[in-house]
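Overview (structure and organization)
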Amino acid sequence: MGKLLKPNKEVGIVGYGAYVPMYRIKAEEIGRVWGVNSFPIQEKSVNNLDEDAITIGIEAARNALKRAQIDPKEIRALWFGTESKPYAVKPSATVIAEAIGATPDLDAADFEFACKAGTEALQASIGFVGSGMAKYAMAIGADTSQGRPGDHLEFTASAGGAAYIVGEKDSETLAYFEGSYSYVTDTPDFWRRQHEHYPRHGNRFTGEPAYFHQIISAAKGLMEELNYSPSDFDYAVFHQPNVKFPLTVAKILGIPKEKVLPGLLSGIIGNTYSGATLVGISAVLDIAKPGDRILWVSFGSGAGSDAFSLVVQDAIEEKRDLAPKTMDYVNRKKYIDYALYAKHRSKYIL
Amino acid sequence: MGRPMQVARYWRHFKEKYRMVGTKCKECGEIYFPPRQVCPKCGSREMEDVQLSGKGKVLSWTIVRNPPSGFEYFRPYPLALIELEEGPIVLAQLTDVDENQIDFGMEVEMVTRKIREFEGDGLILYGYKFRPPIKP
Ligand SMILES: [Zn+2]
């Protein structure tokens, strides 16, 4: 028995959709307030006052449904990966399920694993559909992540997400999974204790043993199991807490930059945490050609990575235009200053 | 906002608030939002649920600067009368829009957002708002 995760039935993505809020703050504006002048990214997305991980998930889910053109009542599971759930106790997934008209005949739950909660929900969806238990399952990753004011995470922690509907592979499938592989170890690089507002991190510890080790192990493990080399992939999307990390991963794996850039949005929207690779993949699906193979590797602190190999099918051509593209949201932007940003992030107490 | 009676009152309207489900008269075809049990036009009680498209136009609007309790953090915000594609007229907040961008007849589409947040330990209410459409 190999390490590859592959269900009995072949499954794929029948619908996908992204959402990124319209507000942006420039890294230099955050730097102005804290006296910092070198930045990991250019600018990041900021949620509106009336947006949270749930509302981001709802719009992403609706976009996925527009492309899938299925009856939401046929969805048997809706799994929501986030680390910024609005309620500490009360599922967020049920609100989304209600808002898209999928209730009541389905399972719904929130998934947690720092930034890989979204791909974890996807792994579960692949299993649920691949076993024949369900016709469709929806996996969503969305966050409105918080960085402690002045901490280097504040430059990148942003808002956004994407949703994927998994179904059995047929001619309507936009892209199918060739297999996946998960790699986890207990690595305390980043955490947030109950009742604390902001996370803590192990500073330098976040790089080598955490991010790089898990992502590279997962990517190599998947390629080994599938007998692929980096040149077999047309695109690669890696978890993107900044711009440098995913490009370094590509370099180590021997994947040219051009294959990574189309799905690397952190420089202009920031780190959307559970949404990060999901939004990156949706940007790639917006432009990929039938036959293209995509390498998808997430990372979640704590720590672990999920790696997937996706192959794009013909149906993508007619379905991608049924909902707004990822870049339609990325290019819709309004800049705000630090004072308004603080209001949007609920940092004022009335 | 911990009183169970009030939670129940909100909960009963989740379907119409989250995704704009209205009712359609099976006799004369008139569409209503919010939902009705009896058709005011022909008196029929044969009503069915109908999912509205969420597309509409701004008929009129105002900027709310002194909002009621539970809405203070959102101020100032635009409140508009919107004529839905299917006919009904609704009063709702506009979001993701600049004050000077709003105009009579402006096309809008429905989104589900946070409407109201009761104290730190209370319920979060979600519901429809409208914004300039994102193409397509
Ligand atoms: Zn009637």
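This structure is a prediction, so every number in the text was calculated from the model and none was measured.

Our focus in this paragraph is helix 8 (residues 276-285) of chain A. Of all 10 residues in helix 8 of chain A, 10 are buried; the element is thus mostly enclosed. Turning to helix 8 of chain A, its buried residues number three or more, namely Ala276(A), Thr277(A), Leu278(A), Val279(A), Gly280(A), Ile281(A), Ser282(A), Ala283(A), Val284(A) and Leu285(A).

Another aspect to go through is the coordination of the zinc ion. Residue and element names in this part refer to chain B. Protein coordination at the zinc ion: the donors are Cys-25 (SG), Cys-28 (SG), Cys-39 (SG) and Cys-42 (SG), at 2.3 Å from the metal. For the zinc ion, the donor residues sit on a single chain with the sequence spacing C-x2-C-x10-C-x2-C. Note that Cys-25 is positioned in strand 1 (residues 21-25) and Cys-42 in the loop between strand 2 (31-32) and strand 3 (47-51), a separation of 17 residues in sequence. When its relative accessible area of 2% is taken as the criterion, Cys-25 is described as buried.

The next subject is helix 6 (residues 244-253) of chain A. All names here are of chain A. The complete set of buried residues in helix 6 reads Phe-245, Pro-246, Val-249, Ala-250 and Leu-253. Projected down its long axis, helix 6 carries its buried residues within an arc of 140°, all on one side. For helix 6, the exposed residues set more than 90 degrees away from the buried face come down to Lys-244 and Lys-251. Directly beyond the C-terminal end of helix 6, a positive phi value near 80° is found at Gly-254.

Moving on, we get to the environment of Asn271(A). Residue and element names in this part refer to chain A. Here Asn-271 is to be found in the loop between helix 7 (266-269) and helix 8. Residue classification places Asn-271 among the buried residues on the basis of a relative accessible area of 4%. Taking C-alpha positions, Asn-271 is 19 Å from Ser-346, a pair spaced 75 residues apart along the chain. In this structure, Asn-271 is in contact with Ser-145, Thr-156, Ala-157, Ser-158, His-239, Gln-240, Pro-241 and Ala-276, ignoring residues within four places of it in sequence.

Counting from both sides, the interface comprises 23 residues of chain B and, opposite them, 34 residues of chain A. Taken over both partners, the interface formed by chain B and chain A buries close to 2,400 Å², and the fraction arising from carbon and sulfur atoms is 54%. Applying the counting rule to chain B against chain A returns six salt bridges. We note a salt bridge from Glu51(A) to Arg113(B), for which the minimum N-O separation is 3.2 Å. Counting across the chain B and chain A interface gives 18 residue pairs in polar contact (both at pLDDT 80 or more). Elements that contribute at least two residues to the side of chain B that touches chain A include exactly helix 2 (14-19), strand 7 (107-117) and strand 8 (124-131) of chain B. If you tally residues by element for the side of chain B that touches chain A, the top one is strand 7 of chain B, at five residues.

For the structure on display, the rule yields 21 aromatic pairs over all chains. Centre to centre, the rings of Phe33(B) and Tyr128(B) are 5.4 Å apart; their planes meet at 70°, and the pair counts as edge-to-face. Taken together, the residues Phe33(B) in the loop between strand 2 and strand 3 and Tyr128(B) in strand 8 connect sequence positions 95 residues apart. Put simply, the rings of Tyr16(A), Tyr164(A), Phe177(A), Trp296(A) and Phe308(A) pair up and form one aromatic cluster. Positioned above the aromatic ring of Phe113(A) is the side chain of Lys116(A), whose terminal nitrogen or guanidinium carbon lies 4.3 Å from the ring centre. Taking NZ or CZ as reference, Lys169(A) lies 3.9 Å from the ring centre of Tyr176(A), over its face.

Conventions we followed
Residues numbered from 1 in each chain as written. Chains lettered and ligands numbered in written order. Predicted model: local features only at pLDDT ≥ 70, side-chain atom pairs only at ≥ 80, totals over all residues. Heavy atoms only, no water. Buried < 20%, exposed > 50% of the residue type's maximum accessible area, 1.4 Å probe, protein only. Helix = DSSP H or I, 4+ residues; strand = E, 2+ residues; numbered from the N terminus. Donors = N, O, S within 2.8 Å, 3.2 Å for Na, K, Ca; no water. Arc of directions from axis to C-beta. Contact = heavy atoms within 4.5 Å. Buried area = accessible area lost by both parts, 1.4 Å probe. Salt bridge = Lys/Arg side-chain N within 4 Å of Asp/Glu carboxyl O. Polar contact = N/O pair within 3.5 Å; in protein donor to acceptor, adjacent residues only side chain to side chain. Phe/Tyr/Trp six-rings, centres within 6.5 Å; stacked < 30°, edge-to-face > 60°. Lys NZ or Arg CZ within 6 Å of the ring centre and 35° of its normal.

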